[in-house]
Amino acid sequence: MKKIILAFLVLFFACGCTNVATMNLEEIINTGINRKISMYNEYRVGYKYYLPKGIRNIDYTDYNEKLTDSKYIYYLYIDAVSYVNKVLEKYEENPDCYYSQAINNKDKFGYIEIKNIEEDKYLIEIMYNYAKIEVIVREVDINFTVLNSLNILSSITYNDKILDNLMGENVLQYKETEFNIFEPKDDSNYLYYKEKDEEQNNEEVHDSDLIN
């Protein structure tokens, strides 16, 4: 009973009476990066984080995770190498985007970039706290998705001792990855085509003409 009451109070004070749908993106960002989350429900080697209610993990490998809210797929990338090396990058805002904003909050930094990639489809890229989330959503769901993403990214807590031991003197080999969380994607981004491929595969599976 106490756990239920505590969960309710956390949600109540975190969200207050504000309607997320009517907030502007600056308010959403400030809410997401300043929310104090001390609960964790996802544990990995070297880091842990909190998944908001309604979102679940459906797949993960080394520092790459796939999440879903049953409506959209969130791709989460953890850059443990940059965290260990305390890499700092400066983001230049893109005036051609639907929304583009650098994020600076004390010792944490990043950016949010939202692009209209086709009719009522928006690619959201948020890099914060040495991790990145990419997700494609409809315009009506942008606010909720940005808040969920920032809640996840803000909650990530790294275990310095474990990561230092994992990286050690071989830290450079971990840096040789195809994905750079500090660089926004162009319009021909990997996520967009990955979703197209998944949609096509789903259509092929359900095609009655292929059933003998």
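Quick look at the structure, then. Here the structure is a predicted model, which means the values were calculated and not measured. (Residues numbered from 1 in each chain as written. Predicted model: local features only at pLDDT ≥ 70, side-chain atom pairs only at ≥ 80, totals over all residues. Heavy atoms only, no water.)

1. Description of helix 2 (residues 25–34)
Moving on, step 1. Among all positions of helix 2, only L25, I28, I29, G32 and I33 are buried. The arc that holds the buried residues of helix 2, viewed along the axis, is 115°, so those residues lie on one side.
Moving on, step 2. Regarding helix 2, its N-cap is N24, as a side-chain oxygen of that residue lies 3.1 Å from the backbone nitrogen of E26 further along. (Buried < 20%, exposed > 50% of the residue type's maximum accessible area, 1.4 Å probe, protein only. Helix = DSSP H or I, 4+ residues; strand = E, 2+ residues; numbered from the N terminus. Arc of directions from axis to C-beta. Polar contact = N/O pair within 3.5 Å; in protein donor to acceptor, adjacent residues only side chain to side chain.)

2. Observations concerning unusual backbone geometry
Moving on, step 1. In this structure, Y63 takes a positive phi of about 65° despite not being glycine.
Moving on, step 2. Looking at where Y63 falls in the secondary structure, it is placed in the loop between strand 3 (56–61) and strand 4 (64–68).
Moving on, step 3. Of note in the backbone geometry, Y130 takes a positive phi value of approximately 60° without being a glycine.
Moving on, step 4. Structurally, Y130 can be placed in the loop between strand 8 (121–128) and strand 9 (131–137).
Moving on, step 5. Y130 gets classed as buried once you look at its relative accessible area, which sits at 8%.

3. Digging into the packing of aromatic side chains
Any aromatic ring pair is given by two values, namely how distant the centres are and how the planes are angled relative to each other.
Moving on, step 1. Summed over all chains, the structure comprises seven aromatic pairs.
Moving on, step 2. Seen in terms of ring centroids, F109 and Y130 are 5.6 Å apart; in terms of plane orientation they differ by 90°. Their pairing is edge-to-face. You can see F109 sitting in strand 7 (residues 108–118) and its partner Y130 sitting in the loop between strand 8 and strand 9, a full 21 residues away along the chain. Each member of the pair, F109 together with Y130, is buried.
Moving on, step 3. The ring of Y40 has K48 lying over it, and the distance from NZ or CZ to the ring centre is 4.3 Å.
Moving on, step 4. Here the guanidinium or amino end of K86 rests over the ring plane of Y83, the centre of that ring lying 3.8 Å away. (Phe/Tyr/Trp six-rings, centres within 6.5 Å; stacked < 30°, edge-to-face > 60°. Lys NZ or Arg CZ within 6 Å of the ring centre and 35° of its normal.)

4. So, the pairing of strand 9
Moving on, step 1. Of all seven residues in strand 9, seven are buried, a share of seventy percent or more.
Moving on, step 2. Burial along strand 9 is two-sided: A131, I133, V135 and V137 and K132, E134 and I136, pointing in opposite directions, are all buried.
Moving on, step 3. Summarising the sheet, strand 5 (residues 73–78) and strand 9 pair through four bridges and their orientation is antiparallel. Counted as the bridge partner of Y75 is E134 from strand 9.
Moving on, step 4. Inspection of the sheet shows strand 8 paired to strand 9 by seven bridges, in the antiparallel sense. Bridging across to strand 9, I126 finds its partner in I133. (Pairing = 2+ DSSP bridges.)

5. Considerations on the environment of V87
Moving on, step 1. Relative to the assigned elements, V87 resides in the loop between helix 3 (80–85) and strand 6 (99–105).
Moving on, step 2. With relative accessibility at 17%, the residue V87 sits in the buried group.
Moving on, step 3. Separated by 43 residues in the primary sequence, V87 and Y130 place their C-alpha atoms 8.8 Å from one another.
Moving on, step 4. With residues up to four places along the chain from it excluded, the contact list for V87 reads S82, F109, Y130 and F182. (Contact = heavy atoms within 4.5 Å.)

6. Points about the pairing of strand 7
Moving on, step 1. For strand 7, the tally of buried residues reaches eight of 11 residues, placing the bulk of the element in the interior.
Moving on, step 2. With seven bridges joining them, strand 6 and strand 7 adopt antiparallel strand pairing. Looking at the pairing, Y99 lines up with I114 of strand 7.
Moving on, step 3. Connecting strand 6 to the next strand, strand 7, in antiparallel fashion are two residues, including K106 with a positive phi near 60°.
Moving on, step 4. Across eight bridges, strand 7 lies against strand 8 in antiparallel orientation. Directly across from G110, in strand 8, lies its bridge partner Y128.
Moving on, step 5. Linking strand 7 back to strand 8 in an antiparallel pair, the connection comprises two residues, with D120 at a positive phi of about 55°.

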